[in-house]
Amino acid sequence: MKYKSSTILYDFEPIFDALFFTDSFYVKYTGLFDRLIGTDKVRIQPYKETDQLVKDLSEHLENLDELTNLYLQQSCDLMFDLYCRYHVLWEYLESNHDIRLPSNSPKTNFITLLNDYWLKGLPTFSRKNF
């Protein structure tokens with residue numbers, strides 16, 4: 001199915017907010033993660049463990065408090081990897097008008113966006129926000 005990138009960003013905004021923009025996450029991790037992304041020494045690449053985390057998180061998209069709690073219980077490296085994926089994906093979606101996703105299911109699309117689609121943004125990721 002073809003979607004406007006702006007629609008995807010709008011539809012998934014509450015989910016991304018529950019993962020990356022809670023007070024708990026912001027106080028503990030945002031500053032550090034933003035600095036790490038901005039260094040040339042950190043290489044952003046896909047990890048199988050994060051792919052599984054995305055699948056696990058997709059089971060809780062209807063309960064944002066549970067989604068936040070599950071995410072914050074993960075190891076710091078998995079949290080950082082998912083945070084990187086989010087930023088690469090966000091920049092990619094902002095720079096592309098339309099994308100194709102496999103279904104209209106938020107769960108399926110969440111998995112596709114954060115396990116597959118974000119990779120398309122790696123070659124052009126500018127780290128401009130950091």
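The notes below deal with the structure included here. Throughout this description, residue numbers start from 1 for each chain and increase along the sequence as written. Totals for whole chains, interfaces and linings use all residues, but because this is a predicted model, local features are given only for residues with pLDDT of at least 70 and pairs of side-chain atoms are given and counted only at 80 or more. Computation of side-chain values covers all heavy atoms of the structure but excludes hydrogens and water.

Here's the deal with the overall build of the protein chain
Here is the rule: Secondary structure follows DSSP: runs of H or I at least 4 residues long count as helices, runs of E at least 2 residues long count as strands, and numbering of each begins at the N terminus. For this measure, only C-alpha atoms enter the radius of gyration; the expected value for a globule follows 2.2 Å times N^0.38, where N is the number of residues. Here's how the labels work: a residue is buried when its accessible area is under 20% of the maximum for its type, exposed when over 50%, partly exposed in between, all with a 1.4 Å probe on protein chains only.
The helix and strand inventory of the protein chain stands at six helices and two strands. Counting helices and strands in the order they occur from the N terminus, the protein chain gives β-α-α-α-α-α-β-α. In summary, the protein chain has a C-alpha radius of gyration of 14 Å against a globular reference of 14 Å for 130 residues, a match within 12%. Projecting the C-alpha coordinates of the protein chain onto the three principal axes gives extents of approximately 35 × 35 × 25 Å. With 130 residues in all, the protein chain has 44% of them scored as buried.

Quick word on the nonpolar core
Note the cut-off: Among buried residues, the Ala, Val, Leu, Ile, Met, Phe, Trp, Tyr and Cys ones that are joined through side-chain atoms within 4.5 Å form a nonpolar core. Here, residues are in contact when the closest pair of their heavy atoms is within 4.5 Å.
In terms of nonpolar packing, the biggest core is built from 42 residues, with Phe20, Leu57, Tyr71 and Phe110 touching the most fellow members. Residue contributions to this core peak at eleven residues, all from helix α5 (residues 76–95). In this structure Phe110 touches Phe12, Ile15, Phe16, Leu19, Val54, Leu57, Ser58 and Leu61, once residues within four positions along its chain are discounted.

What about helix α1 (residues 5–20)?
What counts here: Here a helix's expected span is defined as the number of its residues, less one, multiplied by 1.5 Å. The seven residues ending at a residue and the seven starting there each receive a fitted axis; the angle between those axes is the bend at that residue.
Its 16 residues place the ends of α1 only 19 Å apart at the C-alpha level, less than the 22 Å of an ideal helix rising 1.5 Å per residue. Residue Glu13 marks the point of greatest curvature in α1, where the axis turns by about 50 degrees; the proline Pro14 follows within four residues.

A short note on the pattern of salt bridges
Close approach of charged atoms allows side chains with opposite charge to pair. Our working definition: Each reported salt bridge corresponds to a side-chain nitrogen of Lys or Arg within 4 Å of a carboxyl oxygen of Asp or Glu.
Under the definition given, this model contains four salt bridges. Close ionic contact of Lys2 with Asp98 constitutes a salt bridge, the shortest N to O distance being 4.0 Å. Of the two residues, Lys2 sits in strand β1 (residues 2–4) while Asp98 sits in strand β2 (residues 98–100), which places them 96 residues apart along the sequence. Residue class for Lys2 comes out exposed when judged on its relative accessible area of 52%. Given the relative accessible area of 33%, Asp98 is considered partly exposed. With its nearest N and O atoms 2.5 Å apart, the salt bridge here joins Lys107 to Glu59. You can see Lys107 sitting in helix α6 (residues 106–115) and its partner Glu59 sitting in the loop between α3 (48–58) and α4 (64–72), a full 48 residues away along the chain. Taken together, the salt bridges that share partners define one network made up of Asp51, Asp81 and Arg85.

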